[in-house]
Amino acid sequence: MTKILLYIDPASTSALLYIIIAIAATLAFALRGFFYRIKNLIFGKGFINTNDFNNIDIIFYSEGKQYWPVFYPIIKALEKKNIECAYLTSDDKDPGLDYKSEFLSTKFIGNLTMTSVYLKKLKAKFVGMTTPQLDVMMIQRSKHVQHYAHIVHAPIDVFTYRKFAFDYFDSVFCSGPHQIEGIKKLEEKRKTDKKLLLETGLTYYDVMLEDIVKLPKPEKHKPIVLVAPTWKEYSIINRFGLKFFENLLKDDSYDVILRPHPQTYVSFPKLISEIEEKYKDEPRFVVDREPLGTASMLKADLMISDLSGVFWDFMFLYSKPILLLKTDFESIEGFEGSDLDYEMWEMRERSKVGNIFDENDLKNINKIVKDLIETPLLMQLEELRKQSVFNFGRAGETAAKQILEIIEDIDK
Amino acid sequence: MNFFEQIISPFIFIIKQIFLFSYELTGNYGVAIILLSFVVSLILLPIFILIEKSKKKDDVVKKKMKPLIDEIKRVYKGQERYYYLKTINRQHNYNSFKALIPILSLLIQIPFFIAAYQFLENFEGLKETSFLFIKDLSLPDGLFGDIHFLPILMTLVNLLTAYLYTRNGNTSERKQMLIVAGAFLILLFNLPSGLVLYWTMNNVFSFFRLFITNKEVFKANLFGSSNFNFDFKASYKKLKIIFIVILAPLLFSQLYWAFSHNFDDIIFRLLIAVLISIGLTLFIWLIINFYKHYKTTILEIKVKPSLFFSLLFLVVYFHLSSQFYYTGENATLSIISLLMLIPIQFIGCIYTIRAKSKSFAYKYTIIIYLVIVVYQLVSLISYINEDISISIFKINLLIESGSFSDILVPGIIFSLISSIYYLRHNGTQTNITARKNWLIFSLSILYIFGVIFFWHPLIVYSSFPANFEFPAYKFFSNNLIPFIISIFSSILLYKILSKKYRINMLQVFLWIVIIVLLYSSIIPFDVGTLQVNFFSKENNLAAETYKYLFEAILLIGIYIIVIRVLKRKYFKQITFVLIILNLFIISQSLYLSVKTGVFFSKGNDNIKAKEIQFSKNNENIVFFIIDGAQGWYMRDIFIENIKLNNLYDGFVWYPNTISTSNYTYASVPGMMCGSDFSIENMNKDEDKTITQKITNATAKFYKKIKDNGYYFTGNNLAYSNIDLEQIDNFLPKWENSWSKAMGLINRNEMWYSRLYENAIFSSSPLFLKPRIYNHNKWFEIGKNEEKGITSTDLLSKYSFITILPEISSSKSNNSNFIYIHSMFAHAPWDLITEDNKLISDVSPYENQKQFIEIFAKWITWMKENEVYDNTKIILVSDHGPSWWHYNKKIEDHNMPLVWSKDRKVSFVEFLRLNPLLMVKDFNSKGKVKEDWRIMSNIDTYSITFDENDPTKNNPSSRTVYTYYTKWHTDLKTRKKYQNYFAFQIKDNVYDINNWKKFTTPNDAMSYMSKNSSISIYDGTKVDLDFIENQRSSIILRIKKNYTWFDNIKEKAEKRGISLDSMLVLSANYVIETSELGYIKERAILIHSIKNNKEWLNNTINDAESRGISLDTMIMKNVNYILYAREE
């Protein structure tokens, strides 16, 4: 006879199995956290002394050199007020590191893993960053920081941010009213703490506006088409790949500049290198990898984009025609949009901005582009800008003021 | 008591109290079990309510989180996914650790279940107690033969609970509950029905618990929507047609019958026909309505491919395992297959109906289905009713009694056809195309065929190279061609398959790789050693059903893992593992072959050591124990075969011989070493265990032989732990080379292929093994033909005597001592024929005669090799035959037995003590003589070593002793033999009047137990009164319990004794099996010590020498005896 030590009837067994599974899952979950922590510790090369900025209240953290234009206007405005601050970056090529000022200390704090360890130990009253998902992903809140602020770096809606992008910040420096609306809705749904939602605007517009003025007027040349896709799965590059450029270049009445999103090089390196490889000897095709797109945008006569925030820049700053890929925003899973049940701002306003094309137009894209360059549409863009972007051209000052108010509040 | 028992014991106590109280209350064990189950459920109820509450709370949160979690799981992987899941938990205040705290209280119920199991399993009261339809609560109910009802009932209850409990979603929990229900059906299937009753009731109560904890599950309608359409009028027309269609043939058949026979009950018959027609019509109408109503629901049933194909696999698996079963078709396995067939055919039907095509093939399929189902139904009916004969218009159709195959095989065909429609509906599986498939495939076939043709054979070869007469490379080169053919045909098949099916083939091959790995090196399955064409323990192939169940699940599990691993594209990892596997098996087998050095040169086969050596010049002694031979038979054997008289030249037969004991382990020490190792003397030593004593005897015996300058050759030093390494020449039970010598096996070529056949055999799952090998046959279904002697056990028992001349040599220069202990004459008794076939179940006489005849051949060899005269041969048995193993009449062969008035021993006991003793001294000549001087088999020591040899010293009168001991299985821990009785016998063992009872103190206990009807007095009286009271209260209780009482009445009738005495017997049984038994035995023992003068004196002496009171000493002795018996 088989000897059984245990018997439990199915109902209780399922309860028991439930315990066992729960224990196992919990352990696995905990162990996983532990594993990642150790992994981070190893790749983070241990703890780093964080007493570098002991007396500085305001610290900015930048993930990469492309965000320097976001911080620069704020830092400059603070500098004007003789207020000291610090700038940390995970990018050793960050131009911020070369910025000389007695009011600004800068430091390169290593790769993302090292950064997360470093930031966990940070001491400050205010930390501002462009990186979303504080306390969700690797960057955790430090106990010694009173206030964390997310500084928005694109005019886009919150839909296309990854999950929980803002939930654990104390404040968000918003670019426009649609962001405030979205974040409030998310707070309501998730019952997370209410954040300070500030009407700030886009600080890098300050820089860009200055740049545009400084830049020499381009000489008259062949029309230029600027292709500025986003990096995500639904982008022009990801959906059409090489084919798009093949078709686009069929017409030689214009030249093409491709300005890929910096993240494309991280997320889809194969795809982008394939394109670069193919056209490395094509004089009509240039890839722009400058941190600021001002020069390319200035040169361009038409922009082709998808859901990238960049076309707003093009529109707000230069008021030139835009051709957009039709994007049904179904593939929102895993992004903040899946928790929001209204039409996102970009979708609402897209039609006001420029022409739309879809997959079926892929073959004739060259014709569409040519037509658009030849007969641009007239649009009420000034109005739209006023509605969508706070403090156009003076967002840096505003942000600095808001930071100081926050610190004042803390000091109270 | 170990830690586990310590924890469990209080729970056992609680369970015991509840159970005994319930029994007091009801007087019925069945009801008591149900009550016990109820009370335990009641005790645990509050805990369950708590758990359910906390679970519901959790469920709400989980339900909320589920879509979010699913979304994250769909989109993200790895670290990112982990961070998001963590955040979701955080936002819902859900901490998986926190969730554990209330559930921990759940753990409290586990000990109750273990306790109930342990208590009920060991509870004697359930034995032979019937309850409702259960005949014996201590056995499985066996209501339908091999199929037990209670476990099925339990499963049904569980399924209902699972259905209700999980109907509001929660499919993961449903899966769990189904798995658990299935597991317990298997686990509990063969357990005592009392236990299963307990569990079944537990499940019934847990079903009722739902009313308290989960009321909501009953609120919704049980079958979905409730508006079942019973509109009779609407279908009236159709019904009329159905009714007429059924009625017509029924009426016709009755009339037809009446015309051809008689019109006696014609009205009644017609009425029955009409009634049956109405009943059938209603039944059909119900089915049609039911189908109409649930048509959409039923047709929407969706079955996952994993379930569909698992079921299909299970049907085929159990059918094949039944067909291939070692001892022929196995009904239980067929029934399991049948049970699986029902749902798969049903599902197949649904998917076929859903396919709804107008194609010719589809219509054809439907017709095939109908034919198959009708065939199955007829087979099923004919299986139940045996032969069916139908006569239509004088044409007689006979349908022979169906077998399970008749139902199963068409069903399998049905399911295979329907799987086409199933696949059409579900689409084919995702194509996985990867460049690395080829590498994986090559590595897989390299492993599979490598193991089969080279590596496994090489390991087998290296593990006993002495068996082979060829170096390993020979079978290597022999197997090279089949290996290459297998590899190439697999590659060819893979190549010609379309890409779609390639992945399936890859799955199958990876599956086989894992199976081969598991079965050839991880899962142990003992069929004994390979003896060229058979296995020594092949009976193990007849495995229990549960093993098949586990294996089926295992095989499916492996396949699912393979599919998943491939789907996730772990190609690198698979490749890596396969390379490791290949390297490992290659290096392992090569290492072994290098270590044993067998690859190019044959292993070292020390044939010489397996010889029995005789010397022509020096003395030889053959000490031959023929276990269990009857002494008295020799007269008839020598009369029946007169030639033997001459062959046994110089032998003296001592018919007047008693055995010193009735068991080998009690006699052999004395036979080896004389009276120093008589039972009485061995029992004096209280420090050593019996095994140690036997080992000492063997050692002493061996030392004596060596001291006398003999070279020792021997076998089977039974029950001894002596170090066999230090013995000059120890013969094995059986040798492969002996099989060769007997012409049982010879061809090397057979070995070449046998080695890979064996590799396939050992790499195969259990259900295929008997298909590969069965009763000496490889790769054919084994029909149970005439069976030659195959197993090592039988060979060593019978053929060992035959082989003796073949393995004897006369070239030795030493004096030789040959000790052989043969089991030839031991029960069960068989004969072996010339061509080595076995005739089973002959009489002990026939068997013994054959032994004497075969042994004569060895004598002839000795004579031919001139070693007979200088050899002393002692042919002796350690005890007589165990006649109780013989189910025909006991043969007495005119035994000159004289019974005394008080029959001191039974006939069987006497025969057991009547051993064989024949001695041929050096240079003794002439026909066999009878010598009627009294002997004991313990005299063999004196005879062997010529010390006070009673055959030579000619004592006129002598007393010998015999001890009838109990059967002990604990020789390794036991220190004393326990005797039923002991006698001293004077002059003639066949005259029982000469037997005088001989009692030693430690035998008194057994003496007492044989004569327990002794009146009791003084201090022990209280105990006995108590027992009397108990007995009458038990009898009263029996009388109150009708089932029990009826049971006893029945037993009394069966045994032909009065009801009253049966009641007393039953009460005694209850007393003896409960603690009261101890009290009674203690009382009797105390009494017997006080009444036996000698024993009492001994006890007084003991008490004085220890300085304790007599009463204490008596109690000490009593406890010791009781303790010893407990052992």
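For the structure itself, look to the data block above.
In this numbering scheme, every chain counts its residues from 1 along its sequence in written order. The lettering of chains begins at A and the numbering of ligands begins at 1, in the order of writing. Reporting of local features is limited, given that this is a predicted model, to residues whose pLDDT is at least 70; pairs of side-chain atoms are given and counted only at 80 or more, and all residues count toward the totals for whole chains, interfaces and linings. Hydrogens and water are ignored here; the side-chain numbers use all heavy atoms of the structure.

S.K.: Tell me what's going on with the overall build of chain A, and back it up with residues and numbers.
M.R.: What chain A contains, in helices and strands, is 15 helices and 13 strands. Within chain A, the proportion of its 412 residues that are buried is 57%. We call two residues in contact when some of their heavy atoms are within 4.5 Å. Taking all contacts inside chain A whose residues are at least 6 apart in sequence as the whole, residues at least 24 apart take part in 71%. Helix and strand assignments come from DSSP, with helices taken as H or I runs of at least 4 residues and strands as E runs of at least 2, each series counted from the N terminus. Burial classes: relative accessible area under 20% of the type maximum marks a residue as buried, over 50% as exposed, and values in between as partly exposed (1.4 Å probe, protein chains only).

S.K.: Describe in detail the overall build of chain B, supporting the description with residues and values.
M.R.: Scanning chain B from terminus to terminus reveals 40 helices and 21 strands. Every one of the 1127 residues in chain B was classed for burial, and the buried ones make up 49%. Here the contacts in chain B between residues at least 6 apart in sequence split such that 76% fall between residues at least 24 apart. Computed by Shrake-Rupley with a 1.4 Å probe, the accessible areas treat only the displayed protein chains as cover when residues are assessed. Working note: accessible area of chain B is about 56200 Å², and carbon and sulfur atoms make up 61% of it.

S.K.: Break down the sheet that holds strand β20 (residues 979–986) of chain B for me, with residues and values.
M.R.: Residue and element names in this part refer to chain B. We treat two strands as partners when DSSP finds at least two bridges between them. What the 3 strands build is an open sheet, ordered β19-β20-β21; its pairing is antiparallel. The outermost strands of the open sheet, each flanked by one partner alone, are β19 (959–965) and β21 (995–997). Neighbour to neighbour, the strand axes of the sheet diverge by 30° on average, direction disregarded. Where β19 and β20 come together, 7 bridges link them in antiparallel fashion. When the sheet's bridge partners are listed, Thr-959 is paired in β20 with Lys-986. Every angle, taken between N-to-C directions, lies between 0 and 180 degrees, and every axis is a line fitted to C-alpha atoms, over only the stretch in contact when it is a helix.

S.K.: Describe helix α36 (residues 1042–1055) of chain B, and please don't skip the residues or the numbers.
M.R.: All names here are of chain B. A helix's residues, less one, multiplied by 1.5 Å, set its expected span. Its 14 residues give α36 an end-to-end C-alpha distance of 20 Å, which sits within 8% of 20 Å, the value for a rise of 1.5 Å per residue. Buried within α36 we find Trp-1044, Phe-1045, Asn-1047, Ile-1048 and Ala-1052. Seen along its axis, α36 keeps its buried residues to an arc of 160°; they face one direction. Turned more than 90 degrees off the buried face of α36, the exposed positions are Tyr-1042, Glu-1053 and Lys-1054. Gly-1056, located one to two residues past α36, shows a positive phi value of around 70°. The directions from the helix axis to the C-beta atoms form the arc being described.

S.K.: Residues and numbers for helix α3 (residues 112–120) of chain A, please.
M.R.: Within α3 of chain A, 7 of the 9 residues are buried, which leaves the element mostly enclosed by the surrounding structure. All buried positions along α3 of chain A are accounted for by Thr-113, Met-114, Thr-115, Ser-116, Val-117, Tyr-118 and Leu-119 of chain A.

S.K.: Pulling in residues and values, what's your account of the pairing of strand β11 (residues 302–305) of chain A?
M.R.: Residue and element names in this part refer to chain A. Residues Leu-302 and Ile-304 line one face of β11 and the alternating positions Met-303 and Ser-305 line the opposite face, and both faces are buried. Of the strand pairs in this sheet, strand β8 (residues 224–227) and β11 are connected by 3 bridges, and their pairing is parallel. The residue of β11 that forms the bridge with Val-225 is Leu-302. As paired elements, β11 and strand β12 (residues 322–325) share 3 bridges and run parallel to each other. Bridge assignment links Ser-305 to a residue of β12, and that residue is Leu-324.

S.K.: Give a description of the packing of helix α18 (residues 499–522) of chain B against helix α20 (residues 571–596) of chain B that names residues and reports values.
M.R.: Residues and elements named next belong to chain B. One can describe the packing of α18 onto α20 by two numbers: an axis separation of 13 Å at closest approach and a directional angle of 40°. Considering their axes alone, α18 and α20 lie oblique with respect to each other. As for how α18 packs across α20, the hand of that crossing is left-handed. The residues of α20 that touch α18, namely those facing Leu-510, Val-513 and Leu-517, are Ile-574, Leu-578 and Leu-581. Should an angle fall under 35 degrees it is called roughly parallel, over 145 degrees roughly antiparallel, and 65 to 115 degrees roughly perpendicular, with every other angle called oblique. Handedness of each helix crossing follows the sense of rotation of the near helix against the far helix: counterclockwise by less than a right angle gives left-handed, clockwise gives right-handed.

S.K.: Hey, could you go over the packing of aromatic side chains for me, with residue numbers and the actual values?
M.R.: Residue and element names in this part refer to chain B. In summary, the pairing rule links any two rings of Phe, Tyr or Trp, Trp by its six-membered ring, whose centres are within 6.5 Å, and it sorts them by plane angle into stacked for under 30 degrees, edge-to-face for over 60 and tilted for everything else. For the coordinates displayed, the defined rule picks out 99 aromatic pairs over all chains. On the numbers, 4.6 Å between centres and 65° between planes, the contact of Tyr-351 with Tyr-422 is edge-to-face. With a gap of 71 residues between them, Tyr-351 in helix α13 (residues 331–355) and Tyr-422 in helix α15 (residues 404–426) connect regions that are remote in the sequence. Assessed through its relative accessible area of 0%, Tyr-422 is described here as buried. Note on Tyr-665 and Tyr-719: the rings are 5.4 Å apart at their centroids and 85° apart in plane angle, and the pair reads as edge-to-face. A residue pair is termed long-range when its members are at least 10 positions apart, and Tyr-665 in helix α23 (residues 664–673) and Tyr-719 in the loop between β7 (710–714) and β8 (729–730) qualify at 54 residues. Note on Tyr-719: relative accessible area 36%, which makes it partly exposed.

S.K.: Any chance you could break down the environment of Ile-558 of chain B for me, citing the residues and the numbers?
M.R.: Residues and elements named next belong to chain B. Position of Ile-558 relative to the elements: it lies in helix α19 (residues 545–567). Looking at Ile-558, the relative accessible area reads 6%, which means it is buried. On a C-alpha basis, the gap between Ile-558 and Leu-510 in space is 9.4 Å, while along the polypeptide they are 48 residues apart. Setting aside residues up to four positions removed in sequence, Ile-558 forms contacts with Trp-511, Ile-514, Ile-515 and Leu-518.

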